[in-house]
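This is what each chain is made of:
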Amino acid sequence: MFVVTLSFAANKTEAPRHMDGHNAWIRRGFEDGIFLMTGSLQPAAGGVVIAHNITRPALEAWLGEDPFVAKGVVSPTILEIAPGRTDARLDFLRA
């Protein structure tokens, strides 16, 4: 499982220009069963993605397809988590 922070970078003023592509990228992440959650970092600091069912190299490539990453709007940081104890509703993450 991965937690990815997408921190605004030097080119953040270009975010509105690439928003449609970024939203399409998010939609594909859910459709492909990779994303469990996306959201905004507060206050207005970027975003976060919780991902699973993907290897780290594949996730790195996937992130490179996000227009926000490709155009320098955000800078990604990947945290890899090996869940040990979970609420029963999240047991699928321990597989």
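My aim in this report is to walk through the structure given alongside it, one point at a time. (Residues numbered from 1 in each chain as written. Predicted model: local features only at pLDDT ≥ 70, side-chain atom pairs only at ≥ 80, totals over all residues. Heavy atoms only, no water.)

## Regarding unusual backbone geometry
Spelled out, the test is: Strands here mean DSSP runs of E at least two residues long; helices mean DSSP runs of H or I at least four residues long; both are numbered from the N terminus.
That bond from Gln-42 to Pro-43 is cis: its omega, -10°, falls within 30 degrees of zero. Assignment of secondary structure puts Pro-43 in the loop between β2 (35-41) and β3 (46-51). Even without being glycine, Ala-44 reaches a positive phi, approximately 45°. Examined against the element boundaries, Ala-44 turns out to sit in the loop between β2 and β3.

## Some thoughts on the pattern of salt bridges
Selection rule: Throughout this description, the term salt bridge denotes a Lys or Arg side-chain nitrogen within 4 Å of a carboxyl oxygen of Asp or Glu. The classification of residues rests on relative accessible area computed with a 1.4 Å probe and restricted to protein chains. Under 20% of the type maximum is buried, over 50% is exposed, and intermediate values are partly exposed.
What the rule picks out here adds up to five salt bridges. Residue Arg-56 pairs with Glu-60 through a salt bridge whose shortest N-O separation is 3.2 Å. On the criterion of helical spacing, the pair formed by Arg-56 and Glu-60 is a turn pair, its members being four residues apart in helix α2 (residues 56-64). Here Glu-60 falls in the partly exposed class, since its relative accessible area comes to 42%. Take Arg-56: its relative accessible area is 30%, and that puts it in the partly exposed class. Here the salt bridges do not stand alone but share partners, grouping Arg-56, Glu-60 and Glu-80 into one network.

## Description of the packing of aromatic side chains
The following threshold applies: Centres within 6.5 Å make a pair out of two Phe, Tyr or Trp rings, where for Trp the six-membered ring is used; the pair is then stacked when the planes are under 30 degrees apart, edge-to-face when over 60, and tilted otherwise. Counting as a charge over the ring demands two things of the Lys NZ or Arg CZ atom: a distance within 6 Å of the ring centre and an angle within 35 degrees of the ring normal.
A complete count under the given rule lists three aromatic pairs for this structure. Ring plane angle 90° and centroid distance 5.9 Å describe the contact between Phe-30 and Phe-35, whose orientation is recorded as edge-to-face. In this structure Phe-30 comes out as partly exposed when scored by relative accessible area, which is 37%. According to the relative accessible area criterion, Phe-35 is buried, its value standing at 5%. With a centroid separation of 6.3 Å and 85° between ring planes, the pair formed by Phe-35 and Trp-62 is classed as edge-to-face. In this pair, Phe-35 is assigned in strand β2 and Trp-62 in helix α2, connecting sequence segments 27 residues apart. Across this residue pair, the class does not change: Phe-35 and Trp-62 are buried. Just above the ring of Trp-62 sits the side chain of Arg-28; from NZ or CZ to the centre is 5.2 Å.

## Observations concerning helix α1 (residues 15-31)
Helical geometry: 3.6 residues make up each α-helical turn, so side chains three or four residues apart lie on a common side. Let me state the cut-off plainly: Here the expected span of a helix is defined as 1.5 Å times the quantity of residues minus one. We define the bend at any residue as the angle between the axes fitted to the seven residues before and including it, ending there, and the seven starting there. We call two residues contacting when some pair of their heavy atoms lies within 4.5 Å.
Given a rise of 1.5 Å per residue, 17 residues ought to cover 24 Å, and the 23 Å separating the end C-alpha atoms of α1 matches this to within 8%. Taking the largest bend as the criterion, α1 deviates by roughly 35°, centred on Gly-21. For α1, the complete set of buried residues consists of Ala-15, His-18, His-22, Trp-25, Ile-26 and Gly-29. On its buried face, α1 is in contact with β1 (2-8), β2, α2 and α3 (67-70).

Nothing here speaks to function; it is geometry throughout.
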